[in-house]
Amino acid sequence: MIESVPIPGINDFDKTFWKNTTKNLLSIQHCGSCDEPRFPPRHMCPKCQSTNHKWKIVSGDGELWSYVVPRSPLLPYFEKQSPYVVGLIKLNGYSNIRIIGRIMRADNTNEVDINKISIGSKLSVGFNKINTDISIPFWYLES
Amino acid sequence: MFKDQTAIVGIGQTEFLKNIDSTELNLACKAIKLALDDAGISPDQVDALGSFTYEDTPEFEISRNLGFGNLHYWSQAPYGGGASCAAIGQVAMAIASGIANVGVVWRSRKRGDPSSRMWSHTEQEIFDHWKWSRPSGLVRPVDESSMIMRRYMFENDYSREDLSSVAITLRKYANKNVNALMHKKELSFDEYMNARMISDPLCLYDNCLESDGAIAVVITKLSLAKTLSNEPAIIHAYSQGMSQEHSLMTDYHGENPLHSSSYVTANNLWKQSDFQPKDVSVAQFYDAFSPMIPLSLEAYNFCPKGKALKMISDGFISENGLLPVNTSGGSLSEVYLHGMNLVLEAVRQIRGSSSSQVKQVNLSLVTTCDATPNAALLLKGGI
C-alpha cells in the first residue's frame, strides 16, 4: 500500500482548477456557451454539448451536506490520522455543486473537534499545499 | 419481445469460505458444472456466456475446460456489484432474440484475503474520477456509502439503533442457511451497538463479508426450460440503470445524491413489467453495505421516501414481514460474491427450496448495487 497521501493526476480538463488551488483559489468550471456550472470539470457541457468553457473564482464558502469518520483499516497515511472527518460540502451560490474535502481547523494543523460539527455547519475553504502544482482544498468551521 | 421468453433453469455454487485452497478458474469450473447438472443440460449445448468485467477467468479457458459447444454470444457487464443482473439480462436478451440457445453466467472470486481489497491498491497518483475524493481521505467504498447514510439518517431522524435492524435481520436468515458463512454466529443488538466503527456511522456489521467462492447460473429459452425438471425462474422483466450525473460509487454531483441509479433501473423495470411492487413476494437487494437495503426499498417503490428504515425496524423485511429480503443472509451474512448469491436465492424462492422459504412465491425480485450503475431482474414462477 502507498505510504504517503494519494494525489490527483492533472489532466487537460482540470489543470486550471489545480493551478488555481496553488494560488489558494477555488474555481468552478462553467459552460462557455450556456453558463451551466459543472463539477467535476469535464470536456463537454452536458446541457448544450458545447466544448467552450470558462472558470469562475468562488469564495469556497459552503455548508456541510454530510460527513463520515473513517476508522481502521485504512491506507497508512490516513491510518495515522484516524479518526478524521471527511465532508461533502455544498458550495454557496450553486444548487448542485458539492465537493469532497477534509474538515480541519482553520490553520490545517489539527483535526476539527468532531463534536463541533454537524450537517448544515457553515464552512470556509482552505488549501493544503501538496507540491508546487497542487494544493488540496479543505474546509473549516466559520468562526 | 423480451418478456417471459427466457428462464434461469440451473444454479450452482461452490462452498463459501474465508479462504479456499483453490484457484478462481477451478472454482468457476466447479460452480458451472454444478449449475449445468442442476439444469440437466449437457455442457456441449452451451453457446452463450456472460460474466463481469471484474472477472479474471476468461471465456476461452472456461469453455476449454467445460467442453462447451461453439459459442455464439458472450458479454461482460461492468461495475462489480452492479453487474450480476446485467450479465444475466444481456445473455437472456441474446437468447430471446434467437442469437443463442443456452447461456451460462458465472462469477468466481477469491476475496477472503484482506490484501485483495481494491482500495488497498490505491495508486500514488489518481487519474480517474476518484482524484476528487481519495486525496481527502474518502478512500473506501464503505466511506462513500456511509456519507449517503449519515445524510439519510439526518433527514429522517434515524439513529444507529434503527440501522441495526438491517444487519440483525439478515443474520437471522443466515442462521437458518447451512451454506452461509455466518450460519452458526448469531448477532445480538448489543453486539451490533458495541461493534467497532469502520466508517462512522457504519460499523463492522454494516459491511459485507470477505470471502472466497464461485456461483453460476444457466439460462435458456422458456420453451426448452419447460422440458427440464426444475421449475423455471422465468425472466419476466429486466433493466439496467444509470442516472445522468452518476459517478461510480457516488451520486454526489447530481440534483439529489440520495437519488441513485436504482431509481432509473426501477422505473424502467416496472415499465417493462405487468406487475407492481405490491405483487412481489420476496426480494434480494444488493447489500455490500447495509444502507443499500433501505435505499433500494425506497428506490424500487416498496416504501415511501424516508420510511424504509422504520419499516425494517418494524419487521417489514423479516421472515414474517410483508416483503422478506435477502432471505439467504445476503452479502452481509451469507457470502460476498458480487451479488450472485442473491440471484441464486431469488431462484430458490421461485423453486420453493430456500432455507427461509416464503409461501406462494409468484414474483421474486433481485437487484444490484445501489451505489453503482446497476440492473435488476424480476423473476416469475408458476409454471
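Now for a quick tour of the structure. None of these values were measured; they are calculated from a predicted model. (Residues numbered from 1 in each chain as written. Chains lettered and ligands numbered in written order. Predicted model: local features only at pLDDT ≥ 70, side-chain atom pairs only at ≥ 80, totals over all residues. Heavy atoms only, no water.)

Some thoughts on the nonpolar core
In terms of nonpolar packing, the biggest core is built from 114 residues, with B:I8, B:L297 and B:F302 touching the most fellow members. Discounting residues that sit within four places of it in the chain, B:I8 has contacts with B:I88, B:V217, B:V218, B:I219, B:P232, B:A233, B:I235, B:V343, B:V347 and B:L379. Grouped together as the second largest cluster of nonpolar side chains are 27 residues, A:L64, A:L91, A:V112 and A:L123 included. (Core = buried A, V, L, I, M, F, W, Y, C linked by side-chain atoms within 4.5 Å. Buried < 20%, exposed > 50% of the residue type's maximum accessible area, 1.4 Å probe, protein only. Contact = heavy atoms within 4.5 Å.)

Some remarks on the interface of chain B and chain A
Contact with chain B, which involves 39 residues of that partner, is made by 43 residues of chain A. Roughly 3700 Å² of surface becomes buried between chain B and chain A when both sides are summed, with 61% attributable to carbon and sulfur atoms. The interface formed by chain B and chain A includes two salt bridges. Ionic pairing is found between A:D14 and B:K131, a salt bridge with its closest N-O pair at 2.5 Å. In the side of chain B that touches chain A, the residues fall into 15 nonpolar, eleven polar and 13 charged. Relative to strand β6 (residues 197–200) of chain B, strand β5 (residues 62–70) of chain A runs antiparallel, the two sharing two bridges. Paired with A:V69 across the two strands is B:D200, which belongs to β6(B). (Buried area = accessible area lost by both parts, 1.4 Å probe. Salt bridge = Lys/Arg side-chain N within 4 Å of Asp/Glu carboxyl O. Nonpolar A, V, L, I, M, F, W, Y, C, P; charged D, E, K, R; others polar. Pairing = 2+ DSSP bridges. Helix = DSSP H or I, 4+ residues; strand = E, 2+ residues; numbered from the N terminus.)

Focus on the state of the cysteines
Residues and elements named next belong to chain A. Under the defined criterion, the tally for this structure stands at zero disulfides over all chains. Cysteine C48 shares no disulfide, and the gap to the nearest cysteine sulfur, in C31, comes to 3.5 Å. Judged by relative accessible area, C48 falls into the partly exposed class, the value being 32%. (Disulfide = S-S within 2.5 Å.)

Some remarks on the sheet that holds strand β4 (residues 102–110) of chain B
Residue and element names in this part refer to chain B. Strand order in the open sheet formed by nine strands is β3-β2-β4-β8-β1-β9-β12-β11-β10, and the pairing between neighbours is mixed. On the outer flanks of this sheet lie β3 (73–77) and β10 (282–284), each paired with one strand and no other. Each strand of the sheet is rotated relative to its neighbour by a mean of 25 degrees, with strand direction disregarded. Along the sheet, helix α12 (residues 340–351) contacts β1 (6–13), β2 (48–52), β4, β8 (212–221), β9 (233–241), β10, β11 (363–367) and β12 (374–380); its crossing angle with β1, the most-contacted strand, is approximately 115 degrees. (Axes fitted to C-alpha atoms, helices over the stretch in contact; angles between N-to-C directions.)

Some words on the packing of aromatic side chains
Residue and element names in this part refer to chain B. Taken as a whole and judged by the stated rule, the model has 14 aromatic pairs over all chains. Here Y152 and Y158 contribute two aromatic rings whose centre-to-centre distance is 5.7 Å and whose plane-to-plane angle is 20 degrees, an arrangement assigned as stacked. When sorted by exposure, Y152 lands in the same class as Y158, which is buried. Centroid distance W270 to F302: 6.1 Å. Interplanar angle 75 degrees. Geometry classified as edge-to-face. One end of the pair, W270, is in helix α8 (residues 261–272); the other, F302, is in the loop between α9 (292–299) and α10 (308–313), with 32 residues separating them in the sequence. The pair W270 / F302 is uniform in exposure class, with both members buried. (Phe/Tyr/Trp six-rings, centres within 6.5 Å; stacked < 30°, edge-to-face > 60°.)

Considering the pattern of salt bridges
A full pass over the atoms with the stated rule returns 27 salt bridges over all chains. Among the ionic pairs, A:D35 bridges to A:K54, the shortest N-O distance being 3.0 Å. One end of the pair, A:D35, is in the loop between β2 (26–31) and β3 (37–38); the other, A:K54, is in strand β4 (residues 53–58), and 19 residues separate them in sequence. Exposure remark for A:K54: the relative accessible area of 33% places this residue in the partly exposed category. With a shortest N-O distance of 2.8 Å, B:E155 and B:R151 are connected by a salt bridge. In this pair, B:E155 and B:R151 both sit in helix α4 (residues 141–156), four residues apart, roughly one turn of the helix. B:E155 gets classed as partly exposed once you look at its relative accessible area, which sits at 42%.

These results come straight from atomic positions and should not be treated as a statement about function.
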